[in-house]
Amino acid sequence: MNKILTIQNLKKYFPVKNAWGSDVAFVKALDGVDLEIESGKTFGIVGESGCGKTTLMRTLLRLVEPTSGSVILSEQIIGDKVTNNKLEELTSEELRKFRRQIGVVFQDPMGALNPRMIIKDIVSEPLVIHGKTGNMRNRVIELLNNVGLGEEHLYRYPHEFSGGQRQRIVIARALALDPKILVLDEPTSALDVSVQAQILNLLNDLQEKYDLTYIFISHDLSVIEYMCDRLAVMYLGKVVEEADTEKLFSNPQHPYTKALLSATPSFDKDKEKIMILGDVPSPITYLDESKAKLATEMTEQEKLEIKAIEGKGIDYIVRSSLNEVVPLVQISEGHSARVK
């Protein structure tokens, strides 16, 4: 396996302060994440809102500093002349070089584009920042052609395009510096279903053409199944299951993964449905040890919800049963999950 990135025990805690400015707790946005990203493949990260997906992306881009842990970079990214391959220890100049190797496609294309800039200036902005201004107009036209747009779009503003076209412009800008990795944060969730298919097919074509590595973050499991070679499921800042996509979809082990997969829309009326009962627990860990543990006993709310569905033949799991932290164990080759 040709690894392009290795994430080791990555943690990011955000402090919670009281009225006097003292730390009383921490929000554990990332709590010991270990992942290996293979070169030229698409690695998917899935989970509900608040599980830590976007914080992981921001930490990988070093937009936020990790509390602890390491991101190990391969020679493909930093070259063989750099002896230090840990992201958090790069100098400012090395970090600048690293950022040329990683592009980002955001969830909301309109929010990612400056409404006061024309497309020519938007797409060429990374080239200007990194001093690659030679023959820039032709380079911008080439980038637009790569994503299905053309020279006639150079002098238009973002509001003159459809949602799918705006996302194509974001992708063109992300490719401006010939990166090795693209981080795709919910790249199709703001688009119509027919446009989603076009963007996903475009991403597949670009990956094959430029030998790109994708880190694909999404809620949409049907998109994940179509796009990703390997998949990690996150819950409350931890990876609860990781496997090749086909293996994970056919043989999920963690109860949260099973519930997620059962929620995928399907024409199969006999498909098993699993409800998740109870409220999402708080990721806050208090410094006062008496408040420090997540509740693992069934709550009154969960008992009431169980009573409401009794006798209806509905399978369920309760949130409190997911709160107990168990070690990641190997289920089979390349498949691991947090199960007893």
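As the structure is a prediction and not an experimental result, all values here were calculated from the model. (Residues numbered from 1 in each chain as written. Predicted model: local features only at pLDDT ≥ 70, side-chain atom pairs only at ≥ 80, totals over all residues. Heavy atoms only, no water.)

Visitor: Outline the sheet that holds strand β7 (residues 213-218), supporting the account with residue identities and numerical values.
Guide: Taking strand neighbours across the sheet as the criterion, the 8 strands line up as β5-β6-β7-β3-β8-β9-β14-β13 in an open arrangement whose pairing is mixed. The outermost strands of the open sheet, each flanked by one partner alone, are β5 (102-105) and β13 (329-332). Between one strand axis and the next, the sheet turns through 20° on average, direction left out of account. Judged from the 5 bridges that link them, strand β3 (residues 42-46) and β7 form a sheet pairing that is parallel. Note on β7: the bridge partner recorded for T42 is Y214. Here helix α1 (residues 53-60) sits on the sheet in contact with β3, β5, β6 (181-185), β7 and β8 (230-235), set at roughly 150° to β7. (Pairing = 2+ DSSP bridges. Helix = DSSP H or I, 4+ residues; strand = E, 2+ residues; numbered from the N terminus. Axes fitted to C-alpha atoms, helices over the stretch in contact; angles between N-to-C directions. Contact = heavy atoms within 4.5 Å.)

Visitor: Any chance you could break down the sheet that holds strand β2 (residues 23-38) for me, citing the residues and the numbers?
Guide: Pairing within the open sheet is antiparallel, and its 4 strands lie in the order β4-β1-β2-β11. Each edge of the open sheet is held by one strand with a lone partner, namely β4 (68-73) and β11 (284-286). For this sheet, the mean inter-axis angle between neighbouring strands, taken without regard to orientation, is 30°. Taken together, the 5 bridges between strand β1 (residues 3-17) and β4 define a ladder with antiparallel strand orientation. Bridge pairing links T6 to I72 in β4. The sheet strands contacting α1 are β1, β2 and β4, and the helix crosses β1 at an angle near 115°.

Visitor: Can you tell me about the packing of aromatic side chains, naming the residues and giving the values?
Guide: A complete count under the given rule lists 2 aromatic pairs for this structure. Pairing Y13 with F26 gives two aromatic rings, centres 6.3 Å apart and planes at 45°, and the pair type is tilted. Of this pair, Y13 sits in strand β1 while F26 sits in strand β2; the two residues are 13 residues apart in sequence, bridging distant segments of the chain. Overall, Y13 belongs to the buried group, its relative accessible area being 19%. An angle of 45° between the planes, with centres 4.7 Å apart, marks the rings of Y235 and Y256 as tilted. Of this pair, Y235 sits in strand β8 while Y256 sits in helix α11 (residues 255-262); the two residues are 21 residues apart in sequence, bridging distant segments of the chain. Each member of the pair, Y235 as well as Y256, carries the same accessibility label: buried. We note K12 situated over the ring of F14; from NZ or CZ to the ring centre the distance is 5.1 Å. (Phe/Tyr/Trp six-rings, centres within 6.5 Å; stacked < 30°, edge-to-face > 60°. Buried < 20%, exposed > 50% of the residue type's maximum accessible area, 1.4 Å probe, protein only. Lys NZ or Arg CZ within 6 Å of the ring centre and 35° of its normal.)

Visitor: Give me the side chain of D31: which residues, what numbers.
Guide: As for its position among the elements, D31 is in strand β2. The class of D31 is buried, set by a relative accessible area of 14%. In contact with D31, other than residues within four places in its own chain, are L10, K11, Y13, G237 and K238.

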